[in-house]
Amino acid sequence: MKSTTISGFSKLTKTQKIAWLAENFASDPAATTAGLASWQHPDAGVQRVIDGFTENAVSNFVLPYSIAPNFRINDRIYAVPLVIEESSVVAAASAAAKFWLDRGGIHARVLGTVKLGQVHFIWKGEPSRLKAIFPAIRERLLANCADLTANMQKRGGGILDIELLDFTELEPFYYQLRASFETCDSMGANFINSILERFGDALNRFFTESKEISDTERDVEVVMAILSNYTPQCLVHAWAETPIASFDDVARQAGMVAPELAERFALAVRIARIDPYRATTHNKGIYNGIDAVVMATGNDFRAVEACGHAFAARDGQYRSLSSCTIYGEMFRFELTVPLALGTVGGLTALHPLAKQSLDLLGNPSAQELMCIAAAVGLAQNFAAVRSLVTTGIQHGHMKMHLTNILNHLGASELEASAAAVHFGIHAVSFSGVRAFLEAQRAS
Ligand code: MEV
């Protein structure tokens, strides 16, 4: 008898979890049990660390860990680790890195590192009264978390400011404390959230205990206290520029001349500023690069993406994060993107491959990692748009995807080599590859 719901699942051992899952949900329980077991790390200690990342871990989900070499960023050469499943991304990043390598490389500068958090609360007194007592509240909040901030202050960070924002015209009695933070080399989510929750407690205590508060003003309701993933002041700018003549070869291969290619490239970027449908795909290309670095270094790609897309819509319309300028004989491509990243804390030292990535990158500061991620995002965007305005992306994409199709169709090594030769000069499609294999097998 199948039992598709359970209580106490998290208390089972991993073997028991797999057994229950296989028994009740798998089409082939034995294969599922064996399959999930086969992806465990051979070192039990490492596996225990990985299992500790989430609840109910039953196996590991593997993605390729790739390297894009030849990245010149701020005159330093990097071989950048990328974690991504999409066939053509690493090839595109590597090609773009190589293109810019001899053209001055990619430059990047951090414009700010401020992170934000909020305490949302309801208070039914006079708004002017709250504003008047806010300096005393602020002092109380800061004094109340001295123990939490001491270490961060030693590293040069801490709480930068606390503002009181009045939203009562939009929602009755709703106010917000908006705090800003410097979290140095850590992404800082735990630091910020701990402080915000402490602010919430201190706010409650201020209103219940303070002598300057009258009895009719004592009611305060802290709704929630949490960091904001929108960090428009944690920002990095990356750019690359080169004479338009640099495009001579690529343009010739596409039956164009360099100025035509450069103009078409710039037009494609302008289209992504005008049209949100195109902007979404354009920015997705940027995040193909950024996310892959963020994943490889154990950072939070959901936070990075959520923030970037909100930033892309900051003037009320969703737009391209990158821009392109042609001036005189020069082509300049740039990207400004918010990136809240850490190189200490979180998974950065716990995940063996995240730690490895940071080591390969020379153990960068958070600011250096922001520059690297933005540069890879710019390179990825450059490669995608350059393909789109010349050959189209399917040519390169399907060439890379050929391996996936061959594996899917169970091609042998011999068949795969024959296919590589054949599809070197023929368009790749799933049906084309299937037909090719059928013909090979029939002969
Ligand atoms: C595919 O993952 C990304 C692209 O669609 C980006 C773009 O269109 O700019 C190629």
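These remarks concern the structure in this document.

What counts and what doesn't
Residues numbered from 1 in each chain as written. Predicted model: local features only at pLDDT ≥ 70, side-chain atom pairs only at ≥ 80, totals over all residues. Heavy atoms only, no water. Disulfide = S-S within 2.5 Å. Buried < 20%, exposed > 50% of the residue type's maximum accessible area, 1.4 Å probe, protein only. Pairing = 2+ DSSP bridges. Helix = DSSP H or I, 4+ residues; strand = E, 2+ residues; numbered from the N terminus. Axes fitted to C-alpha atoms, helices over the stretch in contact; angles between N-to-C directions. Near = heavy atom within 4 Å. Polar contact = N/O pair within 3.5 Å; in protein donor to acceptor, adjacent residues only side chain to side chain. Areas by Shrake-Rupley, 256 points an atom, 1.4 Å probe, with all protein chains shown as cover. Nonpolar A, V, L, I, M, F, W, Y, C, P; charged D, E, K, R; others polar.

What follows covers the state of the cysteines. Each disulfide is one covalent bond, formed between the sulfur atoms of two cysteines. Evaluation of the coordinates by the stated rule reveals zero disulfides. Its sulfur unpaired, Cys184 is 12 Å from the next cysteine sulfur, which belongs to Cys234. Among the cysteines around Cys371, which has no disulfide bond, Cys234 carries the closest sulfur, lying 11 Å off. Exposure remark for Cys371: the relative accessible area of 8% places this residue in the buried category.

The strand order across the open sheet built from four strands is S3-S8-S10-S9, with neighbouring strands paired in antiparallel fashion. This sheet does not close on itself; its edge strands, each paired only once, are strand S3 (107-113) and strand S9 (322-327). In this sheet, neighbouring strand axes are inclined to one another by 15 degrees on average, regardless of whether the strands run parallel or antiparallel. Here S9 runs beside strand S10 (residues 330-338); their pairing, made up of six bridges, is antiparallel. By the bridge assignment for S10, Ser323 is matched with Glu334.

Take the site of the ligand next. Looking at the ligand, the residues that line it are Glu86, Arg278, Thr281, His282, Lys284, Gly285, Asn288, Ala384, Leu388 and Ile393. At 2.5 Å, a side-chain N or O of Glu86 approaches an oxygen atom of the ligand. Within the side chain of Arg278, an N or O atom sits 2.8 Å from an oxygen atom of the ligand. Taking 300 Å² as the accessible area of the ligand by itself, protein coverage stands at 86%. Looking at the shell around the ligand, the elements with two or more residues in it are helix H10 (276-296) and helix H13 (366-388). If one sorts the elements of the shell around the ligand by residue count, H10 sits on top with six residues. Of the residues in the shell around the ligand, the class split is three nonpolar, four polar and three charged.

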